[in-house]
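Remarks on the overall topology
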Amino acid sequence: MDFPFKLFKFIFCTLLLINLILCYDPPKRYFHNSLIIDNRLLIFSGAINASTFTYELFYLDLSNSFENDKLTWTLIPEGNLPIYTWRSTALLDGSTIYLYGGFMINKDTHDYDYSNLVYKYDYSTSTWSTPNLGGDTVPPRQDIRGVIDNLGKIYIFGGFNATNLASYTGHLYNDMNVLNTASNTWTTLSISNIPNLSEQYAANILPNGIIVYFGGVEEVSDNADFTLANMNKIKLFDTNTNEWSEMDATGDDIDPRTYFSSVLTPDGYIIIFGGCTYSAASTSFFSVSPKLATLDTNKDPFEWSIPSDSDVNSPPPIYGHAANLYNDFMIITFGFDLDTQLFSPSSQVYLYDIKSNKWVTTFNPTDNKPTTTTTTTGTNKPVTTTPAKKSSKSLAIGLGAGIGAAVLITCIFIVTFIVRKAKQSAKDKRPNQNGQILEMPGSNQRY
Ligand SMILES: *[C@@H]1O[C@H](CO)[C@@H](O)[C@H](O)[C@H]1NC(C)=O
Ligand SMILES: *[C@@H]1O[C@H](CO)[C@@H](O)[C@H](O)[C@H]1NC(C)=O
Ligand SMILES: *[C@@H]1O[C@H](CO)[C@@H](O)[C@H](O)[C@H]1NC(C)=O
């Protein structure tokens, strides 16, 4: 079944010399970031293994249909990250990405580098920059999940700070650091009634301005053992009053977990997927049950339930993945498979239809499309976009034009190649150009 597609892709990518940008094969990873801008699911950062990291920025086009195991990723060559980071958080403010924290490694020295904790990416100009931030001094943190409110304030709760970077041991926190993206200032809120020291939780902001935190790893006091948080113990932070409160959720039993994903649906359900156990005594991770569950935030108290068909055609137990919501699809990217002990293949995403509550294999951007499109990573405010409707006719024309353009580009490429070769052999040996492959002429167009 796969073979014709792979063959086509091979011919398209290799024989036609269509370069790296159109046929980018991203390394498998976990602990990455993912955000949706302009009908593109952008992926960046993350770890390939304990000692190898990535800096590329690439995307999956969500304006066309695809099968979940036959993906075409596109590289944004100018979008290379300024640093390596994993276990960080990324938030979207309009079309600007704010990337904070995580383990951060300098690309040149390959050493840890926490000299700058926030990086900013402007989607329209494809440039990363380091914003000049005032206010309180905020420490490096890992395993946080930021949320952004409607005013552009980013809330960073607690997290982990590895003080021993060889053994990855360190401390958990429960402070609340707020980055105001309008005034470029950090504020560490002074609040009472603070919850347990926490990391790797789910964080989603409801339309009423209340942030819902649950799951992940906790510590009752500094230097106590880390333990998994009870999934029924919901921490609520009200961004209107800057106050914490607690809620005991009801409903189905949900295993405690870490490194899981969550998305908030427009009708107020938080859907969690995957993750793994954590134990201070064991370095192994185990799978959790159920893999998928929903928390109904319309009820008081919130209520957990396990959709009846959610185990049919379910993905394997994975952790360190990411989830984004686009129309009716929750899209799960990358991660590590606890059954096979292998990374999820990069040619594959998993699709959960939030209307039918079923895992599906075909992504269709026009399926049940609401009048406005709401996308959320579960840690971001909803973004409304108005994607263009594509008919199969325009798709066919587009494909035809694409192939035509590909053939044309190939011909130009071959002619240029022959001409250059001829010129080169006519001249004496000249010094080798140190040009990087990604800076080839023609490959630096904007996306
Ligand atoms: C990590 O991945 C890189 C690149 O794939 C590989 O060269 C290296 O051997 C791997 N290291 C470990 C510890 O698995
Ligand atoms: C956080 O960890 C770094 C080392 O990664 C250390 O230099 C710093 O002092 C730590 N900060 C706190 C508040 O513990
Ligand atoms: C804080 O952590 C302890 C130990 O895991 C747990 O018993 C307690 O319920 C937690 N408190 C809250 C409010 O979640």
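As the structure is a prediction and not an experimental result, all values here were calculated from the model.

The next point concerns the site of ligand 2. Taken together, Y114, N161, A162, L165 and Y173 make up the full set of residues adjacent to ligand 2. Here an oxygen atom of ligand 2 and a side-chain polar atom of N161 are 2.5 Å apart. Contact between ligand 2 and Y173: an oxygen atom at 3.1 Å from a side-chain N or O atom of the residue. When isolated, ligand 2 has an accessible area of 360 Å², and the protein chains bury 54% of it. Residues of the shell around ligand 2, tallied by class, amount to four nonpolar, one polar and no charged.

Turning to the confidence of the model for the protein chain, a few remarks are in order. Summing up the model confidence of the protein chain, the mean pLDDT is 84 and the portion of residues at 70 or higher is 77%. Scored below 50 in pLDDT, residues 371–400 makes 64 contacts in the model with residues more than four places away or belonging to other chains. This stretch, residues 411–447, has a pLDDT under 50; its non-local contacts, to residues over four places away or in other chains, come to 28 contacts.

This part takes up the layout of surface pockets. Space inside the second largest pocket adds up to approximately 730 Å³. Surrounding the second largest pocket, 29 residues form its lining, R87, S167, Y168, Y278 and F285 being those nearest its centre. Looking at the lining of the second largest pocket, the elements that each hand over two or more residues are β3 (47–49) and β17 (169–180). Within the lining of the second largest pocket, the residues separate by chemical class into 16 nonpolar, nine polar and four charged.

In this structure, T333 sits in strand β33 (residues 329–333). T333 sits in the buried class, given a relative accessible area of 0%. Every residue in contact with T333, bar those within four places of it in the chain, is listed here: H32, S34, L41, I43, W73, H321, A322 and V349.

So, on to unusual backbone geometry. Here S289 and P290 are connected by a cis peptide whose omega angle stands at -10°. Cis peptide bonds are those with omega within 30 degrees of zero, and the linkage from D300 to P301 qualifies with 0°. The residue P301 is located in the loop between β29 (292–296) and β30 (303–305) in this model. For N327, which is not glycine, the phi dihedral falls at a positive 50°. Relative to the assigned elements, N327 resides in the loop between β32 (322–326) and β33. At Q341, a position not held by glycine, the phi torsion is positive, near 60°. By the element assignment, Q341 lies in the loop between β34 (336–337) and β35 (342–343).

Another point: the site of ligand 3. Taken together, N196, E218, V220, T227, K233 and E246 are the residues near ligand 3. N196 is positioned such that a nitrogen or oxygen atom in its side chain is 2.3 Å from an oxygen atom of ligand 3. For ligand 3, an oxygen atom lies 3.4 Å from a polar atom in the side chain of E218. Grouping the constituent residues of the shell around ligand 3 by class yields one nonpolar, two polar and three charged.

Strand order across the open sheet formed by four strands is β1-β2-β5-β7, with antiparallel pairing between neighbours. Two strands in the sheet have a free side with no partner beyond their single neighbour: β1 (33–37) and β7 (73–75). Strand-to-strand twist across the sheet, computed as the mean angle between neighbouring axes with direction ignored, equals 30°. Bridge analysis of β1 against strand β2 (residues 40–44) gives five bridges, and the strand direction is antiparallel. In the sheet register, N33 faces β2, and the bridge partner there is F44.

Core analysis: the largest hydrophobic core is formed by 43 residues, its most contacted members being F44, I97, M176 and Y213. In contact with F44, other than residues within four places in its own chain, are R29, H32, N33, L35, E56, L57, L81, A90, I97, L99 and W128.

Taken as a whole and judged by the stated rule, the model has 41 aromatic pairs. For the ring pair F273 and W359, a centre distance of 5.2 Å and an interplane angle of 65° mean the geometry is edge-to-face. With F273 in strand β28 (residues 269–273) and W359 in strand β37 (residues 358–360), this residue pair connects regions lying 86 residues apart in the sequence. Each of the two residues, F273 as well as W359, counts as buried. Through a chain of ring-to-ring contacts, the aromatic side chains of F53, Y55, Y84, W86, F103, Y112, Y114 and Y168 assemble into a single cluster. In this arrangement the basic side chain of R87 is found over the ring face of F31, its NZ or CZ atom lying 5.6 Å from the centre. Above the ring of Y55, the side-chain terminus of K107 is found at 4.4 Å from the ring centroid.

In this structure the tally under the stated criterion is nine salt bridges. With its nearest N and O atoms 3.1 Å apart, the salt bridge here joins K358 to D309. On the criterion of sequence distance, the pair formed by K358 in strand β37 and D309 in the loop between β30 and β31 (318–319) is long-range, its members being 49 residues apart. Owing to a relative accessible area of 39%, K358 belongs among the partly exposed residues under this scheme. A relative accessible area of 30% places D309 in the partly exposed class.

About the cut-offs
Residues numbered from 1 in each chain as written. Chains lettered and ligands numbered in written order. Predicted model: local features only at pLDDT ≥ 70, side-chain atom pairs only at ≥ 80, totals over all residues. Heavy atoms only, no water. Near = heavy atom within 4 Å. Polar contact = N/O pair within 3.5 Å; in protein donor to acceptor, adjacent residues only side chain to side chain. Areas by Shrake-Rupley, 256 points an atom, 1.4 Å probe, with all protein chains shown as cover. Nonpolar A, V, L, I, M, F, W, Y, C, P; charged D, E, K, R; others polar. pLDDT = per-residue confidence, 0-100. Contact = heavy atoms within 4.5 Å. 1 Å grid on protein atoms, 1.4 Å probe; cavity = no way out; pocket = protein on both sides within 12 Å on 5 of 7 lines; lining within 4 Å. Points joined across faces, edges and corners; volume = space filled by probe spheres on them. Helix = DSSP H or I, 4+ residues; strand = E, 2+ residues; numbered from the N terminus. Buried < 20%, exposed > 50% of the residue type's maximum accessible area, 1.4 Å probe, protein only. Pairing = 2+ DSSP bridges. Axes fitted to C-alpha atoms, helices over the stretch in contact; angles between N-to-C directions. Core = buried A, V, L, I, M, F, W, Y, C linked by side-chain atoms within 4.5 Å. Phe/Tyr/Trp six-rings, centres within 6.5 Å; stacked < 30°, edge-to-face > 60°. Lys NZ or Arg CZ within 6 Å of the ring centre and 35° of its normal. Salt bridge = Lys/Arg side-chain N within 4 Å of Asp/Glu carboxyl O.

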